[in-house]
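Here is what each chain is made of, one letter per residue.
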Amino acid sequence: MKKTLYQIALALFAGASFMSCLKEDIVATPGINGVKFYMANSQGKDSLITQPVRGKAVKIVVDTDADMCSVWPGGARVIMKKKVSTDGVTFADSVDMFNHPVLTNSDLYSDYGLVGAKGLKTTLSSEGWYCTYTYSKAGEFDLVVVVTNHGYNTNEFKPAVVEVGKLQVK
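Residues numbered from 1 in each chain as written. Predicted model: local features only at pLDDT ≥ 70, side-chain atom pairs only at ≥ 80, totals over all residues. Heavy atoms only, no water.

Applying the stated criterion to the full structure yields five aromatic pairs. On the basis of an interplanar angle of 80° and a centroid distance of 4.8 Å, the ring pair of Y133 and Y135 is categorised as edge-to-face. Feature note: the residues W72, Y109 and Y112 constitute an aromatic cluster, connected by ring pairs. (Phe/Tyr/Trp six-rings, centres within 6.5 Å; stacked < 30°, edge-to-face > 60°.)

Grouped together as the largest cluster of nonpolar side chains are 21 residues, with contacts concentrated most on F37, V58, I60, C69, V71, Y135 and V147. At the level of elements, β1 (32–40), β3 (57–64), β4 (68–72), β11 (129–134), β12 (139–148) and β13 (160–169) are the ones that each hand at least two residues to this core. With four residues, β12 is the largest single contributor of residues to this core. Each residue touching I60, except ones within four places of it in the same chain, is listed here: V35, K36, F37, V71, W129, Y130, C131 and Y133. In terms of nonpolar packing, the next biggest core, distinct from the first, is built from six residues, W72, L103, V144 and V146 among them. (Core = buried A, V, L, I, M, F, W, Y, C linked by side-chain atoms within 4.5 Å. Buried < 20%, exposed > 50% of the residue type's maximum accessible area, 1.4 Å probe, protein only. Helix = DSSP H or I, 4+ residues; strand = E, 2+ residues; numbered from the N terminus. Contact = heavy atoms within 4.5 Å.)

For the rest of this paragraph, the subject is the pairing of β3. For β3, the tally of buried residues reaches six of eight residues, placing the bulk of the element in the interior. Judged from the six bridges that link them, β1 and β3 form a sheet pairing that is antiparallel. In the sheet register, V35 faces β3, and the bridge partner there is V62. Where β3 meets β11, six bridges bridge the pair, whose relative direction is antiparallel. Paired with I60 across the strands is C131, a residue of β11. (Pairing = 2+ DSSP bridges.)

The pairing of strands in a sheet comes from backbone hydrogen bonds and takes either a parallel or an antiparallel form. The strand order across the open sheet formed by five strands is β2-β1-β3-β11-β10, and the pairing between neighbours is antiparallel. Both outer strands of the open sheet, β2 (46–49) and β10 (123–124), are each paired with one neighbouring strand and no more.

Tracing the sequence through the fold places S106 in strand β8 (residues 103–106). Look at S106 and you get buried, because its relative accessible area is 3%. There is a polar contact of 3.3 Å between the side chain of S106 and the backbone nitrogen of L108. A distance of 2.7 Å separates a polar atom in the side chain of S106 from a polar atom in the side chain of D111. Other than its neighbours up to four places away in sequence, S106 contacts W72, A76, R77, D111, G116, A117 and K118. (Polar contact = N/O pair within 3.5 Å; in protein donor to acceptor, adjacent residues only side chain to side chain.)

If you want it as structure tokens, here you go:
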């Protein structure tokens, strides 16, 4: 009788453990509630702005329910240059084996996966995920945010790529 009770208890425990693991594997796709921009005012405090200014640090805050967040501000894209051989023939040293350009640095999301391209790491605060960035020139830039609720380097990595839109920098 005791042996049967132990077997039943063990089966119930194993079943409950299995059910809880299945519930943890179902992870919702994260969403973005908004993106705000802040710049330091004359007193050094963050002030909400609508348009960043070139040459000044802007704090990008992403309001999201995601576990991880990366920001691609799209302000820098530098390709390695071509070289000239000793016989005067120019050859490209800035392409990889798939004929993609090798970048010195890039934070443009369309370059995702290329050598030298990466998004900005963010830090979690009470307002959301944030990072600081300085646009070196004025113009229109594509701002992209990548969020996920699951870890990377796994088969379940399903990032949500959100194109925030064109950002006008004066």
